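For reference, the chains in residue letters:
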Amino acid sequence: MSLLENIGSAVIKLIKSFTDIINFAWKILIRIFNRNTYTSAMRTVLIDQIYFTSVQILPIFLITSIAFGSLLIGVLFLQLKQLGLTQYFGHVLMGLIVTEFSPFVTVLLITLRSGSAINTEIAVMKVNKEMSALEAFRIDVINYLMVPRVINGVISIVLLSTLFSVVLLGSGILFSGLIFGMSIDAYSNVLLNSANFSDIVIALLKSVVFGFFIILIPVRFGLQASHELTSIPIVVSRGMVNVFAAILTIEVLSLIIKLF
Amino acid sequence: MRNFIKNHPQQAALVSIDVPLISNQSVLMNIALIKQYHENMPTAKAEPIVFSALRRLNLENIAFKRNPDLNDEERFFAMLLRAVMVRDALVIIDRPLKIVPHMKNIDYIFQALKNIENLYLNCHIYDYDWMREKYGELSR
Amino acid sequence: MKREVKVGLFIVCTAVIICLALLYLANEKGFFAGNYIFTLSSQSGDGFTEGMPVEFSGFTIGKVQKLELNDKGLVLIKIKIPQKHLKWIKIDSTFTLYRPLIGAARIIVTTDNLKSAALPEDKIPEVQIVNDINDSIEKVQPLLDKTTQIAENLEQVSSKIDVMAGKADMHVFGSEGTVPQVNKILKDVNGKLERLNPTIDNVNKISTEASEGLKDIGILRSNVDDTLNAVEDVAKGVDSIISTKKEPEIKLP
């Protein structure tokens, strides 16, 4: 009986936290599309957030994407050549690198760097009573703190993952020339043939959904902190585990959508 | 005090140890935030107002400091300035001696309040009864 | 630089990159250019699918938009060609449905004379069908027959060689063979050795010559063995070729 009870309570907990996230997401979404949300204060926060999440890491992001991307493309092309699958490299580039790999790596990077930071930041603000300070001054916490962060997540993921793709396709020119002896013209022709509008749209949409949830979930869990300092690590780890689960879920869902 | 806030929900502006400054933003941003949020005032317009208010208290040097870098007086005045940024502010100072524990004489606060007199409508100071003597003549 | 400027710069630059990439893609895919529809015909719709690529010199220049069956039972294939690829399709172009053994089927356009007049949209050229699978089976069939023959011949040859090898063995090692006789001679010589000391050098000479002869015979035998093995290998190879080539023949209609 206790086993059944455990299973039952676990499932109920899961469903509860899932509906809680969806409810919260809906609340944020409504605010995003409300013009009154965009006050001068909120815009300042939004600019700060984009600055911290995207602009500040841009040099490192570009360097890693160039180094890592070139390496990956080189290894991939060599493998394709050895297996005699040269004619499929366009599909591999567009279908795997651009639509799957770039968003995924970007999401991992942003989650590790900004997701965890935001989770902690919100939890610390809660513990410090800064949230109640904002409320005392009749400043809506959702409008002022949450919405800019979530919008920043969407913008950053979409822009950075596109940038990542562009860098990878750029290093593809170099390696297709070196490994396959391919001209730029032939390379772009192969890419164009394998490029599918629906795939690109799905990849962009996926980036949007990724950006929305990988910031929303840390924010939500950060809010669950109590007024004790010890609650910070608890909500941060819980938040990050949930973000990980969300990333996997979104990835699987996008693959299912792609199949049909 | 609670009743007072309830009666003036739009004007009440608290200065209290329980309403801290936002620690990951500068004093300047903390004070400007009120104008930016309540009146949707652009940053470029809100910041000069904050600077002029800080100047009145000779505190321009703390504009870019953050909460942990401030001493008790600076923190108190930053909170006070934030409060007076509320439109037609009814400033409520909750237990000022909790914010600035080593303050000997409350006149210090009154001097500051006088300097920024035109920025707020009214000011109420709430404190425990046994602190009465600290307020000297005013308490009578 | 101010933070706002940096953020603005970042957003504008990346947004421009995204838009340019999408526009380039749309342009290259012919979203903005006008498309021309040509109609091709075929006796059978077998192997045609909607969305199938149309290629010229290995480059995709269009795709099959629609398949229709007309009143005469002919299959009409409508292909969509963007304006910029129009120049490859001329009145004397040939259209071939190519179904490779591996990979997707496609329609291949070949134009020998690029200077001839453009193909009018109301003309309906017929599609020739090249079927890699059937073609290769046709090509392989005579080859298969030949290899079978070769295999049979080889088998005969190898059995003959077997017999010959047996005979050679008899000659060398049999009771009337060379080796026992040489042994006999040697024994005789040995017996006479003690008595015929002065002639010992001569006898030695004879015996060494005899053993050299023995070696030669051994080499001869190993040569015969090698040839036999080689022939066997060839026979096996042919067998395996026959067996692998036979499978697709059975499976296909």
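A brief report on the enclosed structure follows. (Residues numbered from 1 in each chain as written. Chains lettered and ligands numbered in written order. Predicted model: local features only at pLDDT ≥ 70, side-chain atom pairs only at ≥ 80, totals over all residues. Heavy atoms only, no water.)

### Considering the overall build of chain A
Put simply, the rule is: What counts as a helix is a DSSP run of H or I of at least four residues, what counts as a strand is a run of E of at least two, and both are numbered from the N terminus. Only protein chains enter the calculation, and the probe is 1.4 Å; a residue is then buried if its accessible area is under 20% of its type maximum, exposed if over 50%, and partly exposed in between. Note on contacts: a residue pair is in contact if any heavy atoms of the two residues lie within 4.5 Å. All accessible areas in this document rest on Shrake-Rupley with a 1.4 Å probe, and a residue is counted as covered only by the protein chains that are shown.
What chain A contains, in helices and strands, is nine helices and zero strands. Taken from the N to the C terminus, the helices and strands of chain A come in the order α-α-α-α-α-α-α-α-α. Per-residue burial over chain A gives 50% buried out of 260 residues. A fraction of 86% describes how many contacts in chain A between residues 6 or more apart in sequence connect residues 24 or more apart. Carbon and sulfur atoms form 73% of the exposed surface of chain A, whose accessible area is close to 12400 Å².

### What about the overall build of chain C?
Helices and strands together make up the secondary structure of chain C, namely four helices and seven strands. Counted from the first residue to the last, chain C has its helices and strands arranged as α-β-β-β-β-β-β-β-α-α-α. Looking at chain C as a whole, 24% of its 253 residues qualify as buried. Considering only contacts in chain C between residues 6 or more positions apart, those separated by 24 or more positions represent 64%.

### Remarks on the layout of surface pockets
Selection rule: With a 1 Å grid laid over protein atoms only, a set of points is called a cavity when a 1.4 Å probe fits there but cannot get out and a pocket when it is open yet has protein on both sides within 12 Å along at least five of seven lines; lining residues have an atom within 4 Å of a point. Grid points are joined across faces, edges and corners, and a volume is the space filled by probe spheres set on the points. In this classification, the charged set is Asp, Glu, Lys and Arg, the nonpolar set is Ala, Val, Leu, Ile, Met, Phe, Trp, Tyr, Cys and Pro, and all remaining amino acids, among them Gly, are polar.
Taken as a whole, the largest pocket encloses approximately 1600 Å³ of empty space. As for the largest pocket, its lining consists of 46 residues, of which Leu192, Asn193 and Ser194 of chain A together with Pro53 and Thr60 of chain C are closest to the centre. Residue assignment for the lining of the largest pocket shows that the elements contributing at least two residues are helix H4 (89–127), helix H7 (184–194) and helix H8 (197–223) of chain A together with strand E2 (53–56), strand E3 (59–69) and strand E4 (75–82) of chain C. The leading source of residues in the lining of the largest pocket is H7 of chain A, at eight residues. A class-by-class count of the residues in the lining of the largest pocket yields 19 nonpolar, 18 polar and nine charged.

### So, the interface of chain B and chain A
How we decide: Simply put, the buried area is the total loss of 1.4 Å probe accessible area from both parts when two parts are fitted together. Whenever a carboxyl oxygen of Asp or Glu lies within 4 Å of a side-chain nitrogen of Lys or Arg, that contact is scored as a salt bridge. Polar contacts, as used here, are pairs of N or O atoms within 3.5 Å; protein pairs need one atom able to donate a hydrogen and one able to accept it. Residues neighboring in sequence count only if both atoms are side-chain atoms.
Each side of the interface is counted separately: chain B has 27 residues, and chain A has 23 residues. Summed over both sides, the interface between chain B and chain A buries roughly 1900 Å², with carbon and sulfur atoms accounting for 56% of that surface. Of all residues in chain B, the largest losses of buried area upon contact with chain A belong to Ile22, Leu33 and Tyr37 of chain B, amounting jointly to 30% of the total for that side. Ionic pairing is found between Lys129 of chain A and Asp18 of chain B, a salt bridge with its closest N-O pair at 3.3 Å. Summed over the shared surface of chain B and chain A, the result is twelve residue pairs in polar contact (both at pLDDT 80 or more).

### Quick word on the interface of chain A and chain C
Listed as interface residues are 23 residues of chain A and, on the opposing side, 19 residues of chain C. With both sides pooled, the region where chain A packs onto chain C buries about 2000 Å², and carbon together with sulfur makes up 80% of that total. If you sort the residues of chain A by the area they bury against chain C, Leu159, Leu192 and Phe197 of chain A come out on top, with a joint share of 31%. Put simply, chain A and chain C have one salt bridge between them. With a closest N to O distance of 3.0 Å, Asp48 of chain A and Arg3 of chain C form a salt bridge. Contributions of two or more residues to the side of chain A that touches chain C are made by helix H2 (40–55), helix H6 (141–180), H7 and H8 of chain A. Of the residues assigned to the side of chain A that touches chain C, the class counts are 17 nonpolar, five polar and one charged.

### A word on the arrangement of the chains
Take the two pairs of chains in contact: the one carrying the most contacts is chains A and B. Between chain B and chain C there is no contact; the minimum C-alpha to C-alpha separation amounts to 11 Å.

### Structural notes on the state of the cysteines
Residues and elements named next belong to chain C. Defined as follows: Criterion for a disulfide: a pair of cysteine sulfur atoms at a distance within 2.5 Å.
Under the criterion given, the structure shown has zero disulfides over all chains. With no disulfide of its own, Cys19 lies closest to Cys13 among cysteine sulfurs, the gap being 12 Å. Classification of Cys19 as partly exposed rests on a relative accessible area of 46%.

### Considerations on the pairing of E4 of chain C
All names here are of chain C. Threshold: At least two bridges found by DSSP between two strands is the condition for calling them paired.
Counting buried positions along E4 yields six of eight residues, so the element is predominantly enclosed. In this structure, strand E1 (residues 35–42) lies alongside E4, joined through eight bridges in antiparallel fashion. Bridge pairing in E4 links Ser42 to Val75. Of the strand pairs in this sheet, E3 and E4 are connected by six bridges, and their pairing is antiparallel. Each residue of the ladder has a partner; that of Lys63, found in E4, is Lys80. Count of turn residues in the E3/E4 antiparallel hairpin: five residues, of which Gly73 carries a positive phi of about 85°.

### Points about the sheet that holds strand E1 (residues 12–15) of chain B
Residue and element names in this part refer to chain B. What counts here: Here an angle of 0 to 180 degrees is reported between the N-to-C directions of two axes, which are lines fitted to C-alpha atoms, with helices fitted over the stretch in contact.
Pairing in this open sheet of three strands is parallel, and the strands run E1-E2-E3 from one edge to the other. The open sheet has two edge strands with one neighbour each: E1 and strand E3 (120–126). Each adjacent strand pair in this sheet contributes to an overall mean axis angle of 20°, direction not counted. Here strand E2 (residues 89–94) pairs with E3 via six bridges, running parallel. Residue pairing in the sheet places Asp94 in a bridge with Tyr126 of E3. Together, E1, E2 and E3 form the strand contacts of helix H4 (residues 72–84), whose direction differs from that of E2 by roughly 150°.

### Looking at the nonpolar core
Where we set the bar: In this text, buried Ala, Val, Leu, Ile, Met, Phe, Trp, Tyr and Cys residues form a nonpolar core when linked through side-chain atoms within 4.5 Å.
Within the largest apolar cluster, 128 residues are counted, with the highest numbers of intra-cluster contacts made by Ile28 and Met146 of chain A. The element that contributes the greatest number of residues to this core is H6 of chain A, accounting for 19 residues. Residues Leu40, Ile61, Phe95 and Val127 of chain C belong to the second largest nonpolar core, which totals 19 residues.

### Comments concerning the pairing of E1 of chain B
Residues and elements named next belong to chain B. Side chains Ala12 and Leu14 project from E1 onto one buried face, and the interleaved Ala13 and Val15 project onto a second face that is buried too. Note: E1 against E2, four bridges, orientation parallel. Each residue of the ladder has a partner; that of Val15, found in E2, is Ile93.

### Description of the side chain of Gln25 of chain B
Examined against the element boundaries, Gln25 of chain B turns out to sit in the loop between E1 and helix H2 (27–38). What makes Gln25 of chain B buried here is its relative accessible area of 11%. Each residue touching Gln25 of chain B, except ones within four places of it in the same chain, is listed here: Val45, Asp48 and Tyr144 of chain A together with Asn30, Lys65 and Arg66 of chain B.

### A word on empty space enclosed by the protein
Residues and elements named next belong to chain C. Across all of its chains, the model carries one cavity of 30 Å³ or more by this definition. Considered as a void within the structure, the largest cavity measures approximately 50 Å³ in volume. Surrounding the largest cavity, Ala168, Asp169, Val172, Phe173, Ile217, Leu220, Arg221 and Val224 form its lining. Sorting the residues of the lining of the largest cavity by element identifies helix H2 (132–173) and helix H4 (200–251) as the ones contributing at least two each. For the lining of the largest cavity, the class distribution of residues is six nonpolar, no polar and two charged.

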